[in-house]
Amino acid sequence: MTDGNGFLSGRLLVVAFEGWNDAGEAATGAVNTLKDLLDVDEVKRIDPELYFDYQFNRPTISTDEDGRRVIEWPSAVMYGPVVPGSSGVPLAEDAQLKVSGTNAGNIYLLIGTEPSRSWKSFTAEILDSVLAADVSGIVFLGAMLADVPHTRPISIFVSSDNPEVRAELQIERSTYEGPVGILSVLASAAETVGIPSLSIWASVPHYVHNAPSPKAMLALIDKLEEIIDVVIPRGDLVTDASEWETGIDALAAEDEEMAAYIGQLEQARDTVDSPEASGEAIAQEFERYLRKRGDGQGGWADGRQGPGPGPEPRQP
């Protein structure tokens, strides 16, 4: 947590996209939680006709509160505070209903589906809205599938390409090289126009990739709360995360191969986390683990092969 200068001194945009960047629906789940708790209105809605392939990102149909059948199209929506700069409801009065803290009225949100095409035009349109809203910093949330055990705390990696942000928040610069998602494209473009950003990524166990991960969502919210200096009510999320872990434990108890594999992941993670672990010991442990495993699992939210395991996740 900082003193509110530098990166926290202005309006912050928190961003998440469904798709490649959103394993276990953790990133979009965290931003949707903020949307439900903040007093925000829609600022900008992207026209889906320009950027989406409807055979890849199909529209959905549902029944609204008035009983009407409504089609919802894939898009991206930016939200802004109804009363910019408001400090929010004091925590003691409404701890379970509202985001609190001096930064609560400075938070903008962008949530949507990763576009299918025309990423450069999409990025330009988003940045036009960001600049019009006088946003001074962006926080990107992402989640990737990784070789991590569900029984240990979710690994979180915070990084920034901006040297001032890294110095202020004592975070690192990502060394990842390879395919990227829309978050990286937006981050690069934002930096070009002078808007600093940082990324918060969670590692989701790849062997439960078909289900939402409330534990990863909770880990992102915990770190986001720390970074942007607000208090975010957790609601039922803590209970949901516990039940998620218990459910996987029950499945593993009925599958010896899965239980053995999780045990390997736990051993590797505990080696990394042990106070006496050296860099060489960590590397040796993961080399041993990979030799034993050798099945090429792990990757991104859509099942593509991602970075290998390591002491901290690397994100696109």
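A short tour of the structure in this document, coming up. (Residues numbered from 1 in each chain as written. Predicted model: local features only at pLDDT ≥ 70, side-chain atom pairs only at ≥ 80, totals over all residues. Heavy atoms only, no water.)

Looking only at helices and strands, the chain features nine helices and nine strands. Per-residue burial for the chain yields a buried fraction of 49% across its 316 residues. The long-range fraction of contacts in the chain, counting pairs at least 24 apart against all pairs at least 6 apart in sequence, stands at 78%. Per element, the accessible surface of the chain, about 15,300 Å² overall, is 48% carbon and sulfur. (Helix = DSSP H or I, 4+ residues; strand = E, 2+ residues; numbered from the N terminus. Buried < 20%, exposed > 50% of the residue type's maximum accessible area, 1.4 Å probe, protein only. Contact = heavy atoms within 4.5 Å. Areas by Shrake-Rupley, 256 points an atom, 1.4 Å probe, with all protein chains shown as cover.)

Attention now moves to the pattern of salt bridges. On inspection of all chains with the given rule, the structure shows eleven salt bridges. One salt bridge connects Arg68 with Asp64, and the closest N-O pair in it is separated by 3.0 Å. What makes Asp64 partly exposed here is its relative accessible area of 25%. The salt bridge partner of Glu225 is Arg234, with a shortest N-O separation of 2.9 Å. (Salt bridge = Lys/Arg side-chain N within 4 Å of Asp/Glu carboxyl O.)

We now examine helix α5 (residues 182–192). Taken as a whole, α5 has its buried residues at Ile182, Leu183, Leu186, Ala187, Ala189 and Ala190. Here the buried face of α5 lies against β1 (11–18), α3 (119–132), β7 (135–146) and β9 (197–205). Positive backbone phi, at 90°, marks Gly194, one or two positions downstream of α5.

Here we come to the environment of Pro233. Position of Pro233 among the secondary structure elements: in the loop between α6 (214–228) and α7 (237–253). The exposure class assigned to Pro233 is buried, which follows from its relative accessible area of 9%. Counting along the chain gives 200 residues from Pro233 to Thr33, while the straight-line C-alpha distance between them is 9.1 Å.

Across the twelve residues that make up β7, a large majority, eleven, are buried. In the sheet, β7 pairs with β9 via nine bridges, with the strands oriented parallel. Its bridge partner lying in β9, Ala143 is registered against Ala202. (Pairing = 2+ DSSP bridges.)

Scanning all chains against the criterion turns up one cavity of 30 Å³ or more. Quantified by volume, the largest cavity comes out at close to 40 Å³. In this structure, the largest cavity is lined by Leu13, Val15, Leu110, Ile126, Leu127, Val130, Ile138, Phe140 and Leu186. Of all the secondary-structure elements, those providing two or more residues to the lining of the largest cavity are β1, α3 and β7. For the lining of the largest cavity, the element with the most residues is α3, which contributes three residues. (1 Å grid on protein atoms, 1.4 Å probe; cavity = no way out; pocket = protein on both sides within 12 Å on 5 of 7 lines; lining within 4 Å. Points joined across faces, edges and corners; volume = space filled by probe spheres on them.)

Every α-helical turn comprises 3.6 residues, leaving residues that sit three or four positions apart pointing alike. Over its 18 residues, helix α8 (residues 256–273) extends 25 Å from the first C-alpha to the last, a length consistent with the 26 Å expected when each residue adds 1.5 Å. Put simply, Asp255 is the residue that caps the front of α8, since its side-chain oxygen is 3.1 Å from the backbone nitrogen of Glu257. (Expected span 1.5 Å × (residues − 1). Polar contact = N/O pair within 3.5 Å; in protein donor to acceptor, adjacent residues only side chain to side chain.)

It is worth spelling out the packing of α7 against α8 at this point. α8 packs onto α7 with a crossing angle of 120° between their chain directions and a minimal axis gap of 6 Å. Judged on the interaxial angle alone, α8 and α7 are oblique. Contacts between α7 and α8 involve Ile248, Leu251 and Ala252 on the former and, on the latter, Glu256, Met258, Ala259 and Ile262. Split into classes, the residues belonging to the contact of α7 with α8 amount to six nonpolar, no polar and one charged. (Axes fitted to C-alpha atoms, helices over the stretch in contact; angles between N-to-C directions. Parallel < 35°, antiparallel > 145°, perpendicular 65-115°, else oblique. Nonpolar A, V, L, I, M, F, W, Y, C, P; charged D, E, K, R; others polar.)

Okay, the sheet that holds β7 next. Taking strand neighbours across the sheet as the criterion, the seven strands line up as β2-β5-β6-β1-β7-β9-β8 in an open arrangement whose pairing is mixed. Each of the sheet's edge strands pairs with one partner strand only, and the pair in question is β2 (40–45) and β8 (156–159). This sheet shows a mean twist of 20° between the axes of neighbouring strands, independent of strand direction. Sheet analysis places β2 next to strand β5 (residues 76–81), joined by five bridges and oriented antiparallel. Residue Val40 lies in a different strand from β5, and its bridge partner there is Pro81.

Below, the discussion takes up the packing of aromatic side chains. Scanning the entire structure with this criterion turns up four aromatic pairs. Each ring, one from Tyr207 and one from Tyr261, has its centre 6.0 Å from the other, and the planes form 80°; the classification is edge-to-face. Highlighted residues: Tyr207 in the loop between β9 and α6 and Tyr261 in helix α8, separated in sequence by 54 residues. Of the residues examined, Tyr261 reaches a relative accessible area of 14% and is grouped as buried. (Phe/Tyr/Trp six-rings, centres within 6.5 Å; stacked < 30°, edge-to-face > 60°.)

Turning to the nonpolar core, a few remarks are in order. Nonpolar side chains tend toward joint burial in soluble globular proteins. With 47 residues, the main nonpolar core has Val14, Val139, Leu141, Leu198, Ile200 and Leu224 as its most contacted residues. Of the residues forming this core, the biggest block, nine residues, is contributed by α6. Each residue touching Val139, except ones within four places of it in the same chain, is listed here: Phe7, Leu13, Val14, Val15, Leu198, Ile200, Leu224 and Ile228. Counting residues in each nonpolar core, the second largest holds 29 residues, with Ala76, Leu110, Met144 and Leu183 among its members. (Core = buried A, V, L, I, M, F, W, Y, C linked by side-chain atoms within 4.5 Å.)

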